[in-house]
Every structure is written in C-alpha cells, then in structure tokens.
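Summary of structural features
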Amino acid sequence: MLDFWWRPLALIAGLALFSSLFISSQGNDIAWAVFACGLIANLVYHLRQLRKFSDWLSDPTRSPLQGDGVWGDTLYRLEKQLRSRQGAQQKVAADLEQMLEATRNLPDGVVILDDDNRIVWLNSAATRLFGLSQTRDEGQFLLYLLRNSRFSEWLQHEDYSQTLALTSPVSQQIDLSLQLIPLPRKQKMLVARDITDLARVEAMRRDFIANVSHELRTPITVIVGFLEAFEDMPGVVNPPDPVQFRKHIPLMREQSDRIRRLVDDLLALARLESQPEAKDETVDMVSLTQRLAREAESMSQGKHQIELVIASQARLIGNCQELYSALANLVTNAVRYTPAKGRIRIRWGELENHAKPNGEHSFSVQDSGEGIEPQHIPRLTERFYRVDQGRSRATGGTGLGLAIAKHVLQRHQSRLRIESTVGKGSTFTAVFPLERVIPVSTTPPESDPESAA
Ligand code: ADP
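These remarks concern the structure in this document. As the structure is a prediction and not an experimental result, all values here were calculated from the model.

1. Notes on the overall build of the protein chain
In terms of helices and strands, the protein chain carries 13 helices and 13 strands. Put simply, the protein chain has 453 residues, and 37% of those count as buried. Within the protein chain, contacts between residues at least 6 apart in sequence are counted, and of these 59% link residues at least 24 apart. Roughly 27,900 Å² of accessible area belongs to the protein chain as shown, and the carbon and sulfur atoms make up 56% of that amount. Averaged over its 53 positive side-chain charges, the protein chain has a centre that lies 2 Å from the centre of its 55 negative ones.

2. Notes on the site of the ligand
Of all residues adjacent to the ligand, which total 20 residues, the nearest are Tyr337, Ser392, Thr398, Gly399 and Leu402. Measuring from a nitrogen atom of the ligand, one finds a side-chain N or O atom of aspartate 367 at 2.9 Å. In the model, an oxygen atom of the ligand is placed 3.3 Å from a nitrogen or oxygen of the glycine 401 main chain. Within the residue set of the shell around the ligand, elements represented by two or more residues are α11 (320–337), α13 (401–411) and β12 (425–432).

3. Details of the pairing of strand β1 (residues 109–113)
For β1, the tally of buried residues reaches five of five residues, placing the bulk of the element in the interior. Along β1, one buried face is formed by Gly109, Val111 and Leu113 and the opposite face, lined by Val110 and Ile112, is buried too. As defined by bridge partners, β1 adjoins strand β5 (residues 188–194) across five bridges and the pair is classed as antiparallel. Counted as the bridge partner of isoleucine 112 is methionine 189 from β5. Both β1 and strand β2 (residues 119–122) contribute to a ladder of three bridges, which runs antiparallel. Across the sheet, the residue bridging to isoleucine 112 is tryptophan 121, located in β2. Counting the residues between successive antiparallel strands, the hairpin from β1 to β2 contains five residues, one of them, asparagine 117, with a positive phi of roughly 65°.

4. Structural notes on unusual backbone geometry
Residues apart from glycine generally show negative phi values, whereas peptide bonds are mostly found in trans. Despite not being glycine, glutamine 301 has its phi angle at roughly 50°, a positive value. Of note, glutamine 301 is situated in the loop between α10 (285–300) and β7 (305–310). Positioned with a positive phi, lysine 341 is a non-glycine residue whose angle comes to about 75°. As for its placement among the helices and strands, lysine 341 is situated in the loop between α11 and β9 (343–350).

5. Considering the pattern of salt bridges
Tallied over the full model, the rule gives 28 salt bridges. The partner of lysine 91 in a salt bridge is aspartate 95, with the nearest N and O atoms 3.2 Å apart. A residue pair is termed a helical-turn pair when its members lie 3 or 4 positions apart in one helix, as lysine 91 and aspartate 95 do in helix α3 (residues 69–104) at four residues. In this structure lysine 91 comes out as exposed when scored by relative accessible area, which is 52%. By relative accessible area, which is 34% here, aspartate 95 ends up partly exposed.

6. Focus: the nonpolar core
Ranked by size, the top nonpolar core spans 48 residues in total, and within it Leu330, Ile346 and Phe363 carry the most contacts. Summarising the domain contributions, this core has at least three residues from each of domain 3 (203–272) and domain 4 (278–451). Val111, Leu132, Leu143 and Phe151 belong to the second largest nonpolar core, which has 22 residues in total.

7. Structural notes on the sheet that holds strand β8 (residues 315–318)
A sheet is described by the order of its strands in space; here three strands give the open sequence β6-β8-β13, paired in antiparallel fashion. Every interior strand has two partners, whereas the edge strands, β6 (281–283) and β13 (437–438), have only one. With three bridges joining them, β6 and β8 adopt antiparallel strand pairing. In the strand pairing of β8, threonine 282 is matched with isoleucine 317. Of the strands in this sheet, β6 and β8 touch α11, which is tilted by about 40° from β6.

8. Here we look at the packing of aromatic side chains
Tallied over the full model, the rule gives eight aromatic pairs. Taken together, the aromatic side chains of Phe53, Trp56 and Trp71 make up a single cluster linked through ring pairs.

9. Here we look at helix α7 (residues 149–157)
Among the residues of α7, those classed as buried are Phe151, Ser152, Trp154 and Leu155. The buried residues of α7 occupy an angular sector of 165° when the element is viewed end-on, so they sit on one face. Among the exposed residues of α7, those oriented more than 90 degrees off its buried face are Ser149, Glu153, Gln156 and His157. Against β1, α6 (142–145), β3 (164–167), β4 (175–182) and β5 lie the buried residues of α7.

What counts, and where the lines are drawn
Residues numbered from 1 in each chain as written. Predicted model: local features only at pLDDT ≥ 70, side-chain atom pairs only at ≥ 80, totals over all residues. Heavy atoms only, no water. Helix = DSSP H or I, 4+ residues; strand = E, 2+ residues; numbered from the N terminus. Buried < 20%, exposed > 50% of the residue type's maximum accessible area, 1.4 Å probe, protein only. Contact = heavy atoms within 4.5 Å. Areas by Shrake-Rupley, 256 points an atom, 1.4 Å probe, with all protein chains shown as cover. Lys, Arg positive; Asp, Glu negative; His and termini not counted. Charge placed at Lys NZ, Arg CZ, Asp CG, Glu CD. Near = heavy atom within 4 Å. Polar contact = N/O pair within 3.5 Å; in protein donor to acceptor, adjacent residues only side chain to side chain. Pairing = 2+ DSSP bridges. Salt bridge = Lys/Arg side-chain N within 4 Å of Asp/Glu carboxyl O. Core = buried A, V, L, I, M, F, W, Y, C linked by side-chain atoms within 4.5 Å. Domains from an automatic or database assignment. Axes fitted to C-alpha atoms, helices over the stretch in contact; angles between N-to-C directions. Phe/Tyr/Trp six-rings, centres within 6.5 Å; stacked < 30°, edge-to-face > 60°. Arc of directions from axis to C-beta.

Written out as structure tokens, the structure reads:
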C-alpha cells in the first residue's frame, strides 16, 4: 500500500517545494500558478496513460503497455497476471485437445448430446457404428436419424444404469451395447460398444452346452430307463432276476461307453484349449503310421482292404500324444464311414500332388467310402457337426473327432485338408510345414509312439 502512495506523495511534495521557491522572488500568486501547472501536467500524464490503457483493453493484441512511476508498477503486475492466465488457458486447451483426440480415436462410438438429444459432437467410431456423419449430422436430433422404438424409449427414459443391446443400423451383423453417461450442463454422452465377437462367443458357448447336454441325455435316459424297469419288474425281488438283468447289460454297457467317449473327447478338447502350447519332442512318424494301420486292421476286423504306404523316413517335431489322438481320429473315421469291402490307404510321406515339392510332409487317410457333399466340408471340424447324425452315433461317434484333430494340427502350425467326392470316397490329409520335419539324415533321440495313447 505504502509502495503505491509514496511516489505521488513525493511528487506533490517536490512540486510544493519547487513552487515555494517562487514565493520570495515572484510572489504567492505565481508560486500557486506554478504549483497548479505542475498538478495539471501530472493529471494530463495520467489521463494519457489511462487512454492508452483503455485502447489496449479494447485490443490486447497490441504491443505491451509501457509506463513509469505508478503506471509502470501497475502495468508490470497486470502483464504478469495476464501471462500466467494465458499459460493456464493454453494448458487447459492442450489438455482438452488431447482428451478430444483420444475420444476421437476410441474404438467405442461416442456421441455427445445436448438436453434435447441434439448431436453436439461425435467420434469416427460413431460414424462407423451408427452411420452418422461428423460434418452433416452435428446439430441434428439423434432420434430423427436413428429411428428405432426401443432406442428412442431408452434414450428418453434417461436411466443411466440401464444398457441397451441393439443391432447396428449400418449392418445386421454388428451387435452393439449402448450406455448413457451424464455430463455437466445437461449434456450426456452416448457410448456404443461393438459386442459382435462377444455375442458370437456367447452363442457358441450356449450351443456347446446345449449340444453336450443333448449328447449325454440319450445314453443316460437309456441306462436310467433300464434301471427303473428292473426296479418295477413284477415279481422281481432284490437282487433282480440275473437272466433278465444280463440280457440288458450289453446295451447299458454300450451307452456307458458312449458317455465315457464323449467325456474323454470333451476333456481332450479342454486340455488342448487350456494348455497354450504342446510340449515338443521328436516323433517317429513311421512307427506311428504303422501303429495306426495295425489299429485300423483290428477295428475293421477284415472288412476293409487296408494299404499302408511309408514314402518317407522323416520324423516330426511335435507332441506324440496329441498327434496320435488327432491322426487316430482320421483313421477310425475312415473305418467307420467306409462300407465293408471298401479300401483304405494310410500314407506318410512328402506331400503328394504338389506342383513343386517344398519339403512339406503329410499324413493322409484315403477311403473309398460314400464321400461327403461339398457344402458339409467346411463345417466338418465344428464341434458336434455331423453329416448323418444316426450314422455317426451308430458307429460310436462323438462329433468331436475332427474338431480335436484340427485343434491339434493348429497347435503344430499344420493344417487339415479334406477332399471328397460323393460316391467315390474321401481323403483327410494332415499337412506339416517344413520347419516341423526332421530329414532322414539327422537322428535325434525320439519318443516311442507305441506308448502314446
Ligand atoms: P464323429 O464322431 O461324428 O465321426 P467327427 O468330428 O470325427 O465326428 O466327424 C464329423 C463328421 O464328418 C462325421 O459325423 C461324418 O459325417 C463326417 N466324416 C468324417 N470322416 C468321414 C469319412 N472318412 N467319410 C465320410 N464322412 C466322414
């Protein structure tokens, strides 16, 4: 405070002292006149500074204000404050721009709405998911652009705790989950999340549970039916009549086997999915192929003509147990789906019918069965997909064999090729990449496929 007053007071005191020098030589009047002139000059100076300040206020982009004395101090403080406020404003603007940039690039669609549900701002994901245009639709009523009774009811209800599941107006294939978030100044943010993949996984999970339950239900119903029949048999006392009981044992056994096979396959799939990578070892493919051919012979019981072709001595880098279960499924399918007197050819070697051999090896099973119509082929590796339900069940199928085979091969960076001609037969080929093939010359220690079961 004193800082401010001492300069003007010192100026007035100096002016009074200076004027008093005129009293003795020029008289009182002249001295007062000098004093008054000094004050007027001082007043004029302040008025000019005030005018410059007023001009500057109307256009602060002009050059910074200059002044001395009281004005110098005041203007210096004003400029300092302005500069710090400008810095803060620039920081807020930069933060805001950064936030907007992040929101603009969010994978979720974001639409800011005003109190009347007019579009204030939207990001590019909202353009993609709702088909809105950033340039054309800002300022438009959202409900005029997205006409859906469930959506308008939900938006107008403004229950921020409720999400809404909606199909995208752009494509029937895109499922959205919508959420509203309140914002200051009566605005709100509409967030749209693409849940197509999530919905698909959820549908697959539901189908899978329904399929497993359905598969288990039939054999369990048969077994329970027999047990109830024994209980209710007239005249049968505990223990049940052994002759009657024994008559039904084979069917009960068959149904129990069916449950066991299904549970085994489900566990095998679960293991494959829960363990990220297979433990690699050296697999003697010649022994494995010979072993699978022997198993095919024993399963066929002489009904088929089985040919074994070993076209390469190469070994594989892979998991012996997993490869056995995948390839055994191809072999047992050939026996199960090929009528008696049919031919089955099991082969290990370099990939056949390849324009330019590139070192890829394959294990293939060719049969002379009835073949598969082309529309079924891409779906055969889906869980529980069967061309003929009755045939699969009658031959002890679980509907999971090819799903397991495909999964195992994927874990070995390999693929399953299916070729089939109706009336002629099918060939299932597991193709292994060069990186997994150990050429004949190198002989590292190997695991015994005979023990993998
Ligand atoms: P399943 O236990 O039913 O055999 P898979 O997953 O092993 O299940 O096979 C799926 C379906 O593929 C079978 O139900 C069958 O319709 C068809 N399939 C598999 N292998 C053959 C084959 N060699 N010949 C004809 N159809 C086959």
